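Observations on the three-dimensional arrangement
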Amino acid sequence: MSRPPADPTTPRFSVEHDTEPGETLIAGFSSFGLAGLTAVDYLVDDLDLEETGHVRIDGAPSITPFTKGTPRHPIRLYTDADREITVLVAEQFVPPFLGELLADALLDWTEANGVDEIAVLAGVPVAHGPDAHRTFHVATEDYRDARLGDDPDVPAMESGFLDGANAGLLERGIDSPLGVGVFVTPVHAQAPDVDAAVRLVDTANAIYELGVDAGPLEAFAQEIRRRYEDLAERIEEREPEGSYDRMYM
């Protein structure tokens, strides 16, 4: 896909990966409620995946997360040679106006490395009642045919719109062989929203038959809550409630 010359003043994202990725990329981004981020973080932990790459960020403010004095890349890729999946854990908050640039970098990489589909796990801060505590999907037709069919357990989101990286991934998926599915669930203000993360883990587990037990996620979330408290506060300061993945149910 042809692109205009790079503007040196524009932030740039690029993917560095040490091994061949799986056929499916499962991604979770840093956004309100941190449900998607918590879900993919748990998948990596439960499946004992190995870090095999990261997304490089140039020309934009970044963070360097660390645990027990050991730093790590803010957007990381994990793979297991025995599974056909790669998991993207994006602790770096990427504002919606840069989301398309991140999506372009990911999509260029997936196209060059034979990744067939992308599944995004995400929480959305929409007003909802108890009956809406479930996972919904927004997906390209080929992804829906391959993975969802008429599955009543993961109904379609009725209407609305996405923005940021999720929108960029879906838009490219519409006009390419790449299947893209975004799985969304309502989230509350607390971070991480454990119940929402459990729903997303259960959805990914059912669709991809990962063999993951979401039962211990509550304890896991308590552990990482301390890690993400500052991150959640920064996100809420920069993006008021309702500005993420704006959708109508």
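Residues numbered from 1 in each chain as written. Predicted model: local features only at pLDDT ≥ 70, side-chain atom pairs only at ≥ 80, totals over all residues. Heavy atoms only, no water.

Summed over the entire model, instances satisfying the criterion amount to 7 salt bridges. Across the pair Asp 80 and Arg 83 runs a salt bridge, and its minimum N-O distance is 3.9 Å. Owing to a relative accessible area of 29%, Arg 83 belongs among the partly exposed residues under this scheme. We note a salt bridge from Arg 172 to Asp 104, for which the minimum N-O separation is 3.4 Å. With Arg 172 in helix 4 (residues 164-174) and Asp 104 in helix 2 (residues 96-112), the pair connects residues that are 68 residues apart, well separated along the chain. Each member of the pair, Arg 172 as well as Asp 104, is classed as buried. (Salt bridge = Lys/Arg side-chain N within 4 Å of Asp/Glu carboxyl O. Buried < 20%, exposed > 50% of the residue type's maximum accessible area, 1.4 Å probe, protein only. Helix = DSSP H or I, 4+ residues; strand = E, 2+ residues; numbered from the N terminus.)

For the rest of this paragraph, the subject is helix 5 (residues 194-208). Helix length check: helix 5, at 15 residues, gives a terminal C-alpha distance of 21 Å against a target of 21 Å (1.5 Å per residue), a fit within 8%. Most of helix 5 is tucked away: 11 of the 15 residues are buried. Buried within helix 5 are the following residues: Val 194, Ala 196, Ala 197, Arg 199, Leu 200, Val 201, Thr 203, Ala 204, Asn 205, Ile 207 and Tyr 208. Count one or two residues on from helix 5 and you reach Glu 209, which has phi positive near 50°. (Expected span 1.5 Å × (residues − 1).)

What follows covers the pairing of strand 1 (residues 12-17). The side-chain alternation of strand 1 yields one buried face, formed by Phe 13, Val 15 and His 17, and one unburied face, formed by Arg 12, Ser 14 and Glu 16. With 6 bridges joining them, strand 1 and strand 3 (residues 50-58) adopt antiparallel strand pairing. From the neighbouring strand, Arg 12 faces strand 3, where its bridge partner is Asp 58. (Pairing = 2+ DSSP bridges.)

Here Gln 92 is to be found in the loop between strand 7 (85-90) and helix 2. The residues contacting Gln 92, other than those within four sequence positions of it, are Ser 30, Ile 57, Pro 61, Ser 62, Ile 63, Pro 74 and Ile 75. (Contact = heavy atoms within 4.5 Å.)

Sheet analysis places strand 3 next to strand 6 (residues 75-79), joined by 4 bridges and oriented antiparallel. Within strand 6, the position partnered with Glu 50 by the bridge is Thr 79.

Together, Asp 45, Asp 46, Asp 48, Asp 213 and Glu 223 give the surface a local cluster of negative charge. Positionally, Asp 213 belongs in the loop between helix 5 and helix 6 (217-238). Asp 213 gets classed as partly exposed once you look at its relative accessible area, which sits at 47%. (Patch = residues over 30% accessible without salt bridge, like charges linked within 9 Å, V, L, I, M, F, W, Y side chains within 5 Å. Areas by Shrake-Rupley, 256 points an atom, 1.4 Å probe, with all protein chains shown as cover. Lys, Arg positive; Asp, Glu negative; His and termini not counted. Charge placed at Lys NZ, Arg CZ, Asp CG, Glu CD.)

Let's shift gears to the confidence of the model for the protein chain. Per-residue pLDDT for the protein chain averages 83, and the proportion of residues at 70 or more is 82%. Contacts of residues 240-249 to residues separated by more than four positions or lying in other chains number 44 contacts, the stretch itself having pLDDT below 50. (pLDDT = per-residue confidence, 0-100.)

So, on to the environment of Arg 56. Residue placement: Arg 56 occurs in strand 3. By relative accessible area, which is 41% here, Arg 56 ends up partly exposed. In this structure Arg 56 touches Arg 12, Phe 13, Ser 14 and Glu 16, once residues within four positions along its chain are discounted.

Tracing the chain through its elements places Thr 203 in helix 5. Within polar-contact distance, the side chain of Thr 203 engages the side chain of Thr 135 at 3.0 Å. Ignoring anything within four residues of it in the chain, the contact list for Thr 203 reads Thr 135, Val 154 and Phe 183. (Polar contact = N/O pair within 3.5 Å; in protein donor to acceptor, adjacent residues only side chain to side chain.)

Take the sheet that holds strand 9 (residues 136-139) next. Strand order in the open sheet formed by 8 strands is 1-3-6-7-2-8-11-9, and the pairing between neighbours is mixed. If you trace the sheet from one side to the other, it starts and ends with strand 1 and strand 9, each paired once. Averaged over all pairs of adjacent strands, the angle between strand axes in this sheet comes to 20°, irrespective of strand direction. Note: strand 2 (residues 24-29) against strand 8 (residues 117-124), 5 bridges, orientation parallel. Each residue of the ladder has a partner; that of Thr 24, found in strand 8, is Glu 117. Against the sheet, helix 1 (residues 35-47) touches strand 2, strand 6, strand 7 and strand 8, its axis set at about 135° to strand 7. Sheet strands touched by helix 5: strand 2, strand 8 and strand 11 (179-186). Its angle to strand 11, the strand with the most contacts, is close to 150°. (Axes fitted to C-alpha atoms, helices over the stretch in contact; angles between N-to-C directions.)

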